Amino acid sequence: MRMFRIFFRNIRDSFKSVFRNFSLSIASISCITITLIVVSIAIILSDNVNNFASLVEKDVTIVAFIDNTATKQDLNILENKINALDNIATVEFESKMDIMKDMMESSEVLDNIMSGWTEEDTPIQDTFLVKVEDIEHIGDTAKEIKDMELVASVKYGEGMVEQLISVFDIVRKISVIIVAALIVVTAFLISNTIKITIFSRKREISIMRLVGASNLNIKIPFIFEGLLLGILGSIIPIVLTTFGYVALYKHFDGQLFSPFIRLITPEPFVYAVSGILLLIGMIVGMFGSWRAVKKHLKI
């Protein structure tokens, strides 16, 4: 019960302190707000780039061209062999007649050329469309399929796929570094801003010392105050993130430039980002206050 009384008293005193030192509190809140907006933009960009990379990776397909001498029984056996390999997500068979039909429907010229072809004399081959679970090992999987009997050739965009994987990996690492760096910068900016607030209250801290308050008792109110400043400073970034991203998603109809670059669906994405911003605001606010009291006032 005593713990609850102390907790609520610290919360009450934090509110009083924020309004008593209103101008300095506004400076701290503004600092938190601006930096969290930048962090929010970085998180949104980072996650959408990662989402685009994941979508591209999922769409990468190994196309196995089958020898025209293969019978239906051979195709069934071959499909089972491919499914038995490691790193296989899905295997889809596409017959040469289906491929020819799609090509004829896509172009009048092709329609005129292929209209006289029969299943026996068409040069088009049956194919298996294979998607893998781990794109980083797509080359090994393609080689295993290529070595199978009756597989004439295998294509999956070799060379380009490896380059894409490398680029996406670099982008992911850079995104994580940028977000982490922004969080660290935010913590130090808030710490320095709050330090000014605490420095202006040296007399208050001296009085607390004179009446016998321990270092912990002196620090706790300032830590709660930092927590409150962090929460208040995160309100605007959360509102801008929630409504701004939803508006952006609707304006571009969920995609940028082309259907291949899809944006992340707003729900529950904006709630997750908002939660992260609130958590960052609370933690860096508390850390900033603790650091300022501990290191700069020599408590």
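All values derive from a computational prediction rather than experimental measurement.

**Student:** Can you walk me through the overall build of the protein in this structure?
**Tutor:** Assigned secondary structure in the protein consists of ten helices and four strands. Written out in order from the N terminus, the α and β elements of the protein read α-α-β-α-β-α-α-β-α-β-α-α-α-α. At a minimum sequence separation of 6, the contacts of the protein that also span at least 24 residues come to 82%. With an accessible surface of roughly 17,600 Å², the protein has 64% of that area assigned to carbon and sulfur atoms.

**Student:** What am I meant to see in the environment of G288 here?
**Tutor:** Secondary-structure assignment places G288 in helix α10 (residues 266-296). Assessed through its relative accessible area of 0%, G288 is described here as buried. Sequence-wise, G288 and L189 are 99 residues apart; in three dimensions their C-alpha atoms are separated by 8.3 Å.

**Student:** So what exactly am I meant to see when it comes to the pairing of strand β3 (residues 127-132) here?
**Tutor:** A regular strand carries its side chains on alternate faces of the sheet. When strand β1 (residues 62-66) meets β3, the two strands line up antiparallel, connected through four bridges. Looking at the pairing, I62 lines up with V130 of β3. Two elements, strand β2 (residues 88-94) and β3, share six bridges in a ladder whose sense is antiparallel. Directly across from I88, in β3, lies its bridge partner V132.

**Student:** Would you take a moment to explain the environment of N83 for this structure?
**Tutor:** Mapped onto the secondary structure, N83 falls in helix α3 (residues 72-83). Residues N83 and V130, spaced 47 residues apart in sequence, show a C-alpha to C-alpha distance of 9.1 Å. Each residue touching N83, except ones within four places of it in the same chain, is listed here: I88 and V91.

**Student:** How should I be thinking about the pattern of salt bridges in this particular structure?
**Tutor:** Two side chains with opposite charge may pair up if their charged atoms get near one another. Evaluation of the coordinates by the stated rule reveals one salt bridge. Measuring nitrogen to oxygen at the nearest pair gives 3.4 Å for the salt bridge that ties D147 to K143. Residues D147 and K143 agree in their burial class; the two are exposed.

**Student:** Honestly, α3 in this entry has me stumped. Any pointers?
**Tutor:** One turn of an α-helix holds 3.6 residues; hence residues three or four places apart share an orientation. Taking 1.5 Å per residue as the helical rise, α3 with its twelve residues ought to reach 16 Å, and the 17 Å between its terminal C-alpha atoms agrees with that figure. Among all positions of α3, only L75, L78 and I82 are buried. Buried residues of α3, seen end-on, are gathered within an arc of 65 degrees and therefore sit on one face of the element. Residues Q73 and N80 are exposed on α3 and point more than 90 degrees away from its buried face. Lining the buried residues of α3 we find β1, β2, β3, α6 (138-146) and β4 (151-155).

**Student:** Looking at this structure, how should I read the sheet that holds β4?
**Tutor:** Adjacent strands of a sheet form backbone hydrogen bonds with each other and so pair up, either parallel or antiparallel. Read across the open sheet, the four strands follow the order β2-β3-β1-β4; overall the sheet is antiparallel. Strand pairing shows two members of the sheet lacking a second neighbour, β2 and β4, which therefore form its edges. The average undirected angle you get between the axes of adjacent strands in this sheet is 20 degrees. Pairing geometry for β1 and β4, over four bridges, is antiparallel. Pairing of A64 across the sheet is with V154, part of β4. Seen against the sheet, α3 touches β1, β2, β3 and β4 and runs at an angle of roughly 165 degrees to β2.

**Student:** How do you make sense of the nonpolar core when you look at a structure like this?
**Tutor:** Grouped burial of nonpolar side chains is what soluble globular proteins tend to show. Residues I62, I66, I82, F128, V130, I145 and V151 are the most contacted members of the largest nonpolar core, which totals 23 residues. With 20 residues, the next largest nonpolar core counts V179, L229, L277 and I280 among its residues.

**Student:** What's the story with the environment of K143 in this structure? I'm lost.
**Tutor:** For K143, the position within the fold is in helix α6. You can call K143 exposed: its relative accessible area is 54%. When the C-alpha atoms of K143 and S153 are compared, they prove to be 9.9 Å apart, with ten residues separating the residues in sequence.

**Student:** Got a minute to help me understand unusual backbone geometry in this structure?
**Tutor:** Excluding glycine, residues mostly carry a negative phi; peptide bonds, for their part, are mostly trans. Note that the residue after E267, namely P268, is joined by a cis bond; omega there is 5 degrees. Assignment of secondary structure puts P268 in helix α10. Backbone geometry places N87, a non-glycine residue, at a positive phi of 70 degrees. Position of N87 relative to the elements: it lies in the loop between α3 and β2. Even without being a glycine, L150 presents a positive backbone phi close to 75 degrees.

**Student:** Teacher, can you tell me more about helix α4 (residues 96-106) here?
**Tutor:** Within α4, the full set of buried residues consists of K96, I99, M100 and M104. Here the buried residues of α4 occupy an arc of 135 degrees about the axis, which is enough to place them on one side. Turned more than 90 degrees off the buried face of α4, the exposed positions are E105 and S106. At its buried positions, α4 is contacted by β2, α5 (108-114) and β3.

Reading the values: rules and limits
Residues numbered from 1 in each chain as written. Predicted model: local features only at pLDDT ≥ 70, side-chain atom pairs only at ≥ 80, totals over all residues. Heavy atoms only, no water. Helix = DSSP H or I, 4+ residues; strand = E, 2+ residues; numbered from the N terminus. Contact = heavy atoms within 4.5 Å. Areas by Shrake-Rupley, 256 points an atom, 1.4 Å probe, with all protein chains shown as cover. Buried < 20%, exposed > 50% of the residue type's maximum accessible area, 1.4 Å probe, protein only. Pairing = 2+ DSSP bridges. Salt bridge = Lys/Arg side-chain N within 4 Å of Asp/Glu carboxyl O. Expected span 1.5 Å × (residues − 1). Arc of directions from axis to C-beta. Axes fitted to C-alpha atoms, helices over the stretch in contact; angles between N-to-C directions. Core = buried A, V, L, I, M, F, W, Y, C linked by side-chain atoms within 4.5 Å.

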